[in-house]
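Residue-level structural notes
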Amino acid sequence: MSEKLLVPDIGDFEEVEIIEILVKEGDKISKNDPVITLESDKSSVEVPSAFEGVVDSINIKIGDKVSKGDLILTLSSENGTQQKQETIEKIPPATEKIIAEAENSNGYNNSELDTSVHKEIKVENTQVEEHNERLEIVENNNDIDPQETKEWLESLSAVVHSEGPERAHFLIKQLIDQAYKEGSNIPYTQNTPYINTIPADEEIKSPGDQNIERKIRALIRWNSAVMVVRANMRDPSLGGHIGTFASAATLYDIGMNHFWRAKSNKFGGDLIYFQGHSAPGIYARAFLEGRLDEKQLDRFRQEVYPGGLSSYPHPWLMPKFWQFPTVSMGLGPMMATYQARFMKYLINRKLIKDENRKVWSFLGDGEIDEPEALGSIGLAAREKLDNLIYVVNCNLQRLDGPVRGNGKIIQELEGIFRGAGWNVIKVIWGSYWDPLLANDKSGLLVKRMNEAVDGEYQAFKAKGGLYVRDNFFGKYPELKNLVASYTDSDIWKLNRGGHDPHKVYAAYHKAINTKDRPTVILAKTIKGYGMGKSGESINTTHQQKKLGVDDLLYYRDRFDVPLTDEQVKNIEYFRPDENSEEIKYLKKRRLALGGYIPERSSFSKPIKTPSNDIFDFMKKSTGEKEMSTTMALVRMLTNLLRDKNVAPRLVPIIPDEARTFGMEGFFQKIGIYAHEGQKYEPEDSAQLSSYKEEKSGSMASWISAGTSYSNHDIEMIPIYLFYSMFGFQRTGDFAWAAGDSQTRGFLIGATAGRTTLAGEGLQHQDGHSHLLASTIPNCVSYDPTFHYELATIFKEGLRRMHEKHENIFYYITTMNENYSHPEMPKDCEEGILKGMYKIKDFSKNKKNKIQLLGSGTILREMIEAAEILQNEYQVDSEVWSVTSFNELRRDGLETERYNLLNPGGEKKISYVEKCLGKTEGPILAASDYMRMNSDQIRPYINKSFYSLGTDGFGRSDTRKNLRKFFEVDKEHIVAYGLSILSNEQLIASKHAVDAIKKYKIDKDKPMPTKL
Ligand SMILES: Cc1ncc(C[n+]2csc(CCOP(=O)(O)OP(=O)(O)O)c2C)c(N)n1
Ligand SMILES: [Mg+2]
């Protein structure tokens, strides 16, 4: 049977050029194998075969222009199209090999891991009575018919008991839907009463030894406070926080003792994002574990000399300890969300095994107000990230004071998370409240709990038992009676959920066993717990970093820390003997859970840089053919996807701008990641570049993929293409976190430059992203003009990052301006990578000379200006392509520093000086970025230096007009060049005056920055 393969629907394009034929007659091909590559003026795309078979005849040749329906080739196929489905689904052998390698390097098999996490032990709770009593009566002043309410409640209660909560929920939903249909537009509330989500009698009990765990916790609390106090005795400017960890100690301890499985050679490990300013507590535990010693604790926040401990989680500064930087509030939860998503991506793409690993993110209730903190919760629910758990430490305070004095943060968050589709577990009240709640027959206690606002709850814990009796219980005589037999001290002991190990254990247990939804645990705690008058629940707790002897004695007594008064006065750390039950227990628990946390390691294997032939086509001239560097990048990526080593590891991340960048060809070729696959037929399904669910991409995704070498021991190559203006400037803090995290990968600022993007205007035109990139020490950035420069830079990036494992990332700008690309000049590779090389020499006149340095698209203006200068003004020039002012400056800085530190020694010469030092004439540099970009190299050359650039707000107009406006077009370069030569007294000023007149340059126009 013979099949005809026709050009499919290629969207709006007609007469599109064939630039590659990927098969030849006689080849046996499978369905979806690419057969030709088409290229429009904007994008290139591979056409896959719709059939399997042997190529009989090829009907087209390179250079032909084709449209929909044209015949590409004929195939003879034996079995028709039926069996091909299997071929597509089969993993290519190269990918299979890589998966096998990854699996071997991890040695996955978690059968030996601790199973305590999954044990289900029900609490024997004698204090709590039957369900129906709990549901009995809730007094409500708006209730116009309490009897009727009672009957409804009894009916509901009966359903809960006879048919279960799901059925009850179903009936309630039906009632609400019915009410809605009958005109009652009152939405169903997302809030539940202000009590724990898990009823006391449904709590799963911890298998741990509570007594020993309490002692361990006390020691961690003590050492964590002491390390902050001691650091600040040395120098009060060092700072630090005691109150945050004091409120979160139990939340971390339960995880460490029972839930968080470390990475080992048998298991990938759970990933924990610790709240940044709780770092002292994490160090204090590592001290008990024997991983840090007293000397190191004493070096908290003193990192300039080796051996110090970083103030917050910083993988860059403590690369074997911290995994995730979190202290820029809001970034942690978002990075954790995308981490969880990326973990599913790796599983779904069969690059790692599904081992039920979890990602935990700890954050503060004040942190929640950062826009990023809630920024991706919708995605987490939509993608069913049941591997994601947020723990929000609701200590009701932020830095300055209450988080929601007049409201209740837990209730507010419950509504938000529930509304987004999360599983919400509120851990509000500790076990001491259980009997009171069980005896709350009238529902008054819950009513009072619902009524009180966070400002009051904070005050209750600052002011003592009597105050709580009078002001909380005292509001209703009946409630006051409920605690009549309690002493003030008993009332004071009524604990909050987040400090109760049983409640926290039960919540974590439920969280890890939740399917198809992410979980948020809203744990109510007390800021500065245990700090007494010096810090407990008072507004200034956050900044508390000193404790006097009395405060320390109080703290010791509060938690029974086994230290003498003398030891307390000396502010000593305390680590029990190695053979003590505490240390043995602590180690045993961690051993059972696979090792210590946090710990950062990497066993990823390098990815071999692809051979030259993948890039060779970019060394040839494109001839008449014009294309943008973005398109050249797409061509290069298309080629890279054919490399068996690289292809399975490439993670292109494109946030809804693929068509803008001409990358729609990738939709079909590699698909857009969607956790659940595509559930619908896209509107444009007949087209070659039809849309595939769903848009993805963000810096957090890129960071997850770029740190996969450590978090999952598999090296990935993430390439995040953003609209350059909405890149660094928008997500700068994430870029910083990427640097801290030692992310490896490429950021591509597409549609870059202030003047390449005509029409789009002020907020789209980027003239400064390179300067922002330069602020990140491990970001290497380039602004290439020609396709061979791009290929050279990209290949070196692959080699340095993914083969040699350098902890750097690349920022490369690409443009959407079409032009033809010349053949790669000889011996320019080193210069491209170092930042500049000579691309043209104009030397016809042998009179005056100027050095012209151009970057990105402005290089072409420079070359044209050089021709005018030579032909019309008899001025010679050397034109240099500057691929990176940032890299040149780094080299200059280092050289200068070396020379200053070695006075009298042999001087080093900067690369800029090497290139330009012996050249003739002044220097004029320009780029499509602010003058500061090229000014960066000014100090490293001993010559007159002038720069042009695009300082000022962008605006919409044609490319030509924009360049004229910013004075970076060829005419301005000529005029300014002549003026520079006259300034240097090399030519008469009249030439410059003439050029200014000739090109109608308005001398009185204000600086573009003022317009
Ligand atoms: C984006 C950002 N802004 C400001 C800070 C400084 N800062 C550190 S902790 C903190 C308050 C944190 O309050 P919360 O999130 O409630 O944490 P808690 O200490 O109460 O657990 C602030 C403002 C920061 N780390 N990040
Ligand atoms: Mg807080």
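Cut-offs and rules
- Residues numbered from 1 in each chain as written.
- Chains lettered and ligands numbered in written order.
- Predicted model: local features only at pLDDT ≥ 70, side-chain atom pairs only at ≥ 80, totals over all residues.
- Heavy atoms only, no water.
- Helix = DSSP H or I, 4+ residues; strand = E, 2+ residues; numbered from the N terminus.
- Buried < 20%, exposed > 50% of the residue type's maximum accessible area, 1.4 Å probe, protein only.
- Contact = heavy atoms within 4.5 Å.
- Areas by Shrake-Rupley, 256 points an atom, 1.4 Å probe, with all protein chains shown as cover.
- Pairing = 2+ DSSP bridges.
- Donors = N, O, S within 2.8 Å, 3.2 Å for Na, K, Ca; no water.
- Near = heavy atom within 4 Å.
- Polar contact = N/O pair within 3.5 Å; in protein donor to acceptor, adjacent residues only side chain to side chain.
- Nonpolar A, V, L, I, M, F, W, Y, C, P; charged D, E, K, R; others polar.
- pLDDT = per-residue confidence, 0-100.
- Salt bridge = Lys/Arg side-chain N within 4 Å of Asp/Glu carboxyl O.
- Core = buried A, V, L, I, M, F, W, Y, C linked by side-chain atoms within 4.5 Å.
- Phe/Tyr/Trp six-rings, centres within 6.5 Å; stacked < 30°, edge-to-face > 60°.
- Axes fitted to C-alpha atoms, helices over the stretch in contact; angles between N-to-C directions.
- Parallel < 35°, antiparallel > 145°, perpendicular 65-115°, else oblique.
- Left-handed = near helix turned anticlockwise from the far one by under 90°.
- Right-handed = clockwise from strand over helix to strand, strands pointing away.

1. Quick notes on the overall build of the chain
Counting secondary structure elements, the chain contains 38 helices and 25 strands. Among the 1011 residues that make up the chain, the fraction classed as buried is 56%. Long-range pairs, those at least 24 residues apart, make up 77% of the contacts in the chain between residues at least 6 apart in sequence. For the chain, the exposed area adds up to about 42500 Å²; of that, 50% sits on carbon and sulfur atoms.

2. Some remarks on the sheet that holds strand β5 (residues 44-48)
Here we have 4 strands laid out as an open sheet, ordered β5-β4-β2-β7, and antiparallel in their pairing. The strands lining the two open edges of the sheet, one partner per strand, are β5 and β7 (65-66). Here strand β4 (residues 34-39) runs beside β5; their pairing, made up of 5 bridges, is antiparallel. Of the residues in β5, the one forming a bridge with E39 is S44.

3. Section: the sheet that holds strand β6 (residues 53-58)
In space, the 4 strands of this open sheet follow the order β1-β8-β6-β3, with antiparallel pairing throughout. The open sheet has two edge strands, β1 (2-6) and β3 (28-29), and neither has a second partner.

4. Here we look at the side chain of Q323
Checked against the element boundaries, Q323 lands in the loop between α9 (294-297) and α10 (331-348). You can call Q323 buried: its relative accessible area is 12%. Those residues in contact with Q323 that lie beyond four places of it in its chain are L271, P315, E599, R600 and N711.

5. Quick notes on the coordination of the magnesium ion (ligand 2)
Coordination of the magnesium ion (ligand 2) by the protein comes from D365 (OD), N395 (OD1) and Q397 (O), over a distance range of 2.0 to 2.2 Å. Within one chain, the residues serving as donors to the magnesium ion (ligand 2) are arranged as D-x29-N-x1-Q. Here D365, found in the loop between β10 (359-364) and α11 (377-382), pairs with Q397, found in the loop between β11 (388-394) and α12 (409-420); they are 32 residues apart in sequence, far enough to count as distant. For the pair formed by D365 and Q397, the shared burial category is buried.

6. Considerations on the site of ligand 1
Near ligand 1 there are 18 residues, and of these T244, D365, G366, E367 and K527 occur at the shortest range. Between Q275 and ligand 1, the recorded distance is 2.9 Å, taken from a side-chain N or O atom to an oxygen atom. Summarising the interface, the protein chains cover 77% of the accessible area of ligand 1, which totals 590 Å² for the free molecule. Grouping the amino acids of the shell around ligand 1 by side-chain chemistry returns 3 nonpolar, 10 polar and 5 charged.

7. Details of the confidence of the model for the chain
Residue-level pLDDT values for the chain average 89, and 89% of them are 70 or greater. Here residues 80-92 scores under 50 on pLDDT; set against residues more than four positions off or in separate chains, the count is 13 contacts. Low pLDDT (under 50) marks residues 105-138, which in the prediction has 88 contacts with non-local residues, meaning those over four places away or in another chain.

8. Quick look at helix α14 (residues 444-451)
Side chains that are three or four residues apart share a direction in an α-helix, a result of its 3.6 residues per turn. Counting buried positions along α14 yields 6 of 8 residues, so the element is predominantly enclosed. Taken residue by residue, α14 has L444, L445, V446, K447, R448 and M449 as its buried positions. Against the buried residues of α14 lie α13 (434-438), α15 (454-463), α16 (465-471) and α17 (477-482).

9. A look at the pattern of salt bridges
Inspection of the entire model under this criterion finds 60 salt bridges. R642 is paired through a salt bridge with E20; the nearest N and O atoms lie 3.2 Å apart. With R642 in the loop between α24 (629-640) and β15 (650-653) and E20 in strand β2 (residues 16-21), this residue pair connects regions lying 622 residues apart in the sequence. Of the residues examined, R642 reaches a relative accessible area of 32% and is grouped as partly exposed. For E20, a relative accessible area of 24% translates into the label partly exposed. In this structure, K503 engages D434 in a salt bridge whose closest nitrogen and oxygen atoms are separated by 2.9 Å. Taken as a pair, K503 in helix α19 (residues 501-512) and D434 in helix α13 lie far apart in primary sequence, 69 residues in all. According to the relative accessible area criterion, K503 is buried, its value standing at 4%. You can call D434 buried: its relative accessible area is 8%. What emerges from the salt-bridge pattern is a single network uniting R217, D253, R285, E289, R291 and E599.

10. Focus on the environment of G548
If you trace the backbone, G548 turns up in the loop between β13 (519-524) and α20 (549-559). Through-space distance from the C-alpha of G548 to that of V229 is 9.0 Å; in sequence the pair is 319 residues apart.

11. Some details on the nonpolar core
With 79 residues, the main nonpolar core has F472, F473 and F728 as its most contacted residues. It is α10 that contributes the most residues to this core, 10 residues altogether. Not counting chain neighbours up to four residues away, the residues in contact with F473 comprise W433, L436, L445, V468, L479, K480, V483, I491 and L494. Membership of the second largest hydrophobic core comes to 76 residues, among which are A249, I272, A507 and Y555.

12. Brief notes about the packing of aromatic side chains
Tallying each qualifying case throughout the model produces 47 aromatic pairs. Summarising the aromatic geometry, the rings of F287 and Y573 are spaced 5.8 Å apart at their centres and angled 55° between planes, so their arrangement reads as tilted. Note that F287 is positioned in helix α8 (residues 279-288) and Y573 in the loop between α21 (565-569) and α22 (581-592), a separation of 286 residues in sequence. When its relative accessible area of 3% is taken as the criterion, F287 is described as buried.

13. A short note on the packing of helix α6 (residues 210-234) against helix α7 (residues 243-259)
For the pair α6 and α7, interaxial distance at closest approach is 10 Å and the crossing angle is 130°. As judged from the angle between their axes, α6 and α7 are oblique. Crossing angle aside, the handedness with which α6 passes α7 is right-handed. Across the interface between the two elements, E213, R217, I220, R221 and S224 from α6 touch F245, A246, A249, T250, D253, I254, N257 and H258 from α7. Of the residues that constitute the contact of α6 with α7, the class distribution is 5 nonpolar, 4 polar and 4 charged.

14. Notes on unusual backbone geometry
The peptide bond linking I597 to P598 adopts the cis configuration, its omega dihedral lying at -5°. Residue placement: P598 occurs in the loop between α22 and α23 (613-616). Backbone geometry places D560, a non-glycine residue, at a positive phi of 55°. With respect to the helices and strands, D560 occurs in the loop between α20 and α21. In this structure, E967 takes a positive phi of about 65° despite not being glycine.

15. Re the pairing of strand β22 (residues 848-854)
The buried count for β22 comes to 7 of 7 residues, which makes it a mostly enclosed element. The sheet contact formed by β22 and strand β23 (residues 875-882) spans 7 bridges and is parallel. By the bridge assignment for β23, L853 is matched with W880. Once the chain exits β22 it traverses helix α32 (residues 858-873) before rejoining the sheet at β23, and the crossover so formed is right-handed. Examined bridge by bridge, β22 and strand β24 (residues 923-926) share 4 bridges and lie parallel to one another. Looking across to β24, one finds that L853 is bridged to A925.

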